[in-house]
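If you want the building blocks of each chain, they are given just below.
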Amino acid sequence: SFDLKKLTRLVEEAGFKSLKHSKNLNKVFNRLHLSLFLKALPFPIWKLADRFFNLITDKPTSLILLSKK
């Protein structure tokens, strides 16, 4: 299991440069089943709600790190 700090360190130790990251699918957001309520709304609104929960609890299910050699 990784957090952003650990993943960035591993990538940079391997000779890559971290460019940007994304935290997705907040665990609290999913446990409250809010995606079921928001699924009829446009994706940008759903993504905004997920981003809000990640700011509050910082418990993403997935972490994406864009890197460059």
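Going by the structure above, here's the rest.
Since we're looking at a predicted model, the values are computed, not measured.

## Things to note about the packing of aromatic side chains
So, point 1. All chains considered together, the criterion is met by 4 aromatic pairs.
So, point 2. Ring geometry for phenylalanine 52 versus phenylalanine 53: centroids 5.9 Å apart, planes at 85°, classification edge-to-face.
So, point 3. Here the guanidinium or amino end of lysine 69 rests over the ring plane of phenylalanine 16, the centre of that ring lying 4.8 Å away.

## Concerning helix α4 (residues 43-57)
So, point 1. The first and last C-alpha atoms of α4 sit 21 Å apart over 15 residues, in line with the 21 Å expected at 1.5 Å per residue.
So, point 2. Where α4 is concerned, the buried positions are Trp46, Lys47, Ala49, Asp50, Phe53 and Asn54. Looking down the long axis of α4, one finds its buried residues gathered within 160° of arc, a one-sided arrangement. Turned more than 90 degrees from where α4 packs its buried face, Pro44, Leu48, Leu55 and Ile56 sit exposed.

## A look at the side chain of lysine 47
So, point 1. Tracing the sequence through the fold places lysine 47 in helix α4.
So, point 2. Within the buried set, lysine 47 has no salt-bridge partner at all; the shortest N-O distance to an opposite charge, 4.1 Å, is to aspartate 50.
So, point 3. Setting aside its immediate chain neighbours within four residues, lysine 47 contacts Ser22, Lys23 and Asn24.

Cut-off values and rules
- Residues numbered from 1 in each chain as written.
- Predicted model: local features only at pLDDT ≥ 70, side-chain atom pairs only at ≥ 80, totals over all residues.
- Heavy atoms only, no water.
- Phe/Tyr/Trp six-rings, centres within 6.5 Å; stacked < 30°, edge-to-face > 60°.
- Lys NZ or Arg CZ within 6 Å of the ring centre and 35° of its normal.
- Helix = DSSP H or I, 4+ residues; strand = E, 2+ residues; numbered from the N terminus.
- Expected span 1.5 Å × (residues − 1).
- Buried < 20%, exposed > 50% of the residue type's maximum accessible area, 1.4 Å probe, protein only.
- Arc of directions from axis to C-beta.
- Lys, Arg positive; Asp, Glu negative; His and termini not counted.
- Salt bridge = Lys/Arg side-chain N within 4 Å of Asp/Glu carboxyl O.
- Contact = heavy atoms within 4.5 Å.

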